[in-house]
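Coordinate analysis (summary)
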Amino acid sequence: MQAGREAFEEHGYDAVRIDDVCVRAGVSHGTFYTYFGSKEALFGEVAEAVVGEMFAASVVGPAASADPYARIEAANRLYLRAWAANSRLVRMFEQAATGGDRFGRLLLELREVFVRRGADGLRRLQEQGLADPALDPRLTAIMLGGMVEHFAHVWLDLGEQAAEETAVDHLTRLWARAIGLTDASPSARPEEGA
């Protein structure tokens with residue numbers, strides 16, 4: 001799988017042949033087919049592994065501040081860094097998803113872990129009276145997650161100029177304001193004139 005991942009990162013999905021992967025891994029075609037039925041199957045396994053790594057790398061965790069605004073800020077920072085480490089493969093997954101049902105379903109399944117985490121977090125904030133109770137947690141997580149994901153693409157893949165601190169600050173302000181994060185948290189209030 002590692003050999004496949006490296007080949008996809010270097011050459012792109014279309015240019016990679018099973019033979020390339022076998023040579024890189026130092027295995028025979030028979031060994032390849034013991035583990036993967038096709039190049040598409042290998043690509044799907046690589047996609048799942050990358051999304052799992054991105055999810056793990058963007059978990060804020062219990063050691064972080066309990067302050068909701070600070071946790072949103074940390075999640076945004078960690079996600080942007082995880083995207084930076086995997087952007088080429090993520091874009092390949094998205095491109096493959098437009099070409100067929102199998103990868104489209106896979107991409108939705110892979111994104112679901114992020115959506116579920118965002119929706120659960122919003123639900124907790126709503127229960128604590130810190131976020132707008134009228135928002136649908138799932139739709140809100142899809143929309144705000146899409147904002148962060150698209151910004152990551154424009155910033156890291158297309159070269160939009162912004163310092164990481166500025167990018168994280170703006171994403172966090174937009175996210176917090178969109179969910180109606182209340183002033184119960186001192187850090188939920190941006191400085192005057194900012």
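Residues numbered from 1 in each chain as written. Predicted model: local features only at pLDDT ≥ 70, side-chain atom pairs only at ≥ 80, totals over all residues. Heavy atoms only, no water.

**Comments concerning helix H8 (residues 164-178)**
This is how it is decided: By definition, any uninterrupted DSSP run of H or I lasting at least four residues is a helix, any uninterrupted run of E lasting at least two residues is a strand, and each is numbered from the N terminus. Under the convention used throughout, the expected extent of a helix is 1.5 Å for every residue step, that is, one less than its residue count. Residue exposure (1.4 Å probe, protein chains only): buried if accessible area is under 20% of the type maximum, exposed if over 50%, otherwise partly exposed. What makes two residues a contact is simply this: any of their non-hydrogen atoms within 4.5 Å.
For H8, spanning 15 residues, the distance from its first C-alpha to its last is 21 Å, which sits close to the expected 21 Å at 1.5 Å a residue. Buried residues of H8: Ala167, Val168, Leu171, Thr172, Arg173, Trp175 and Ala176, and no others. Those residues of H8 that are buried lie in contact with helix H5 (68-98) and helix H7 (137-157). Glycine 180, located one to two residues past H8, shows a positive phi value of around 70°.

**Re the domain arrangement of the protein**
Reports often express the size of an interface as the amount of accessible area lost when the parts come together. Heads up, the rule is: Source of the domain bounds: an automatic or database domain assignment. By convention, the term buried area covers the 1.4 Å-probe accessible surface removed from two parts as they join, with the contributions of both added. A pair is scored as a salt bridge if a Lys or Arg side-chain nitrogen falls within 4 Å of a carboxyl oxygen belonging to Asp or Glu. Think of a polar contact as two N or O atoms within 3.5 Å of one another; within protein, one of them needs to be a possible hydrogen donor and the other a possible acceptor, and neighboring residues in sequence only count if both atoms come from side chains. Three classes are used: nonpolar for Ala, Val, Leu, Ile, Met, Phe, Trp, Tyr, Cys and Pro, charged for Asp, Glu, Lys and Arg, and polar for all others, with Gly counted as polar.
According to the domain assignment, the protein contains domain 1 (1-37) and domain 2 (47-179). Relative placement of domain 1 and domain 2: their C-alpha centres are 30 Å apart. Facing the 8 residues of domain 1 at the interface are 7 residues of domain 2. Taking both sides of the interface into account, the surface hidden between domain 1 and domain 2 amounts to around 600 Å²; carbon and sulfur atoms contribute 56%. When residues of domain 1 are sorted by the area they lose upon contact with domain 2, Arg5, Glu9 and Tyr13 head the list and together hold 71% of the total. For arginine 5, the salt bridge identified is with glutamate 53, shortest N-O distance 2.8 Å. At the surface where domain 1 touches domain 2, the tally comes to 3 residue pairs in polar contact (both at pLDDT 80 or more). Looking at the side of domain 1 that touches domain 2 residue by residue, the class counts come to 3 nonpolar, 2 polar and 3 charged.

**Observations regarding the UniProt feature "DNA-binding region" (unreviewed entry) in the protein**
Inclusion rule: UniProt positions are given in the numbering used here, feature names are shortened, and annotations may be inferred rather than shown by experiment.
When the UniProt feature table is mapped onto this chain numbering, "DNA-binding region" (unreviewed entry) sits at residues 17-36. Annotation note: span residues 17-36, helix share 75%, strand share 0%, distance between end C-alpha atoms 13 Å.

**A look at the UniProt feature "domain: HTH tetR-type" (unreviewed entry) in the protein**
Per the UniProt record, "domain: HTH tetR-type" (unreviewed entry) is annotated on residues 1-54. As a span, residues 1-54 carries 76% helix and 0% strand, and end to end its C-alpha atoms are 17 Å apart.

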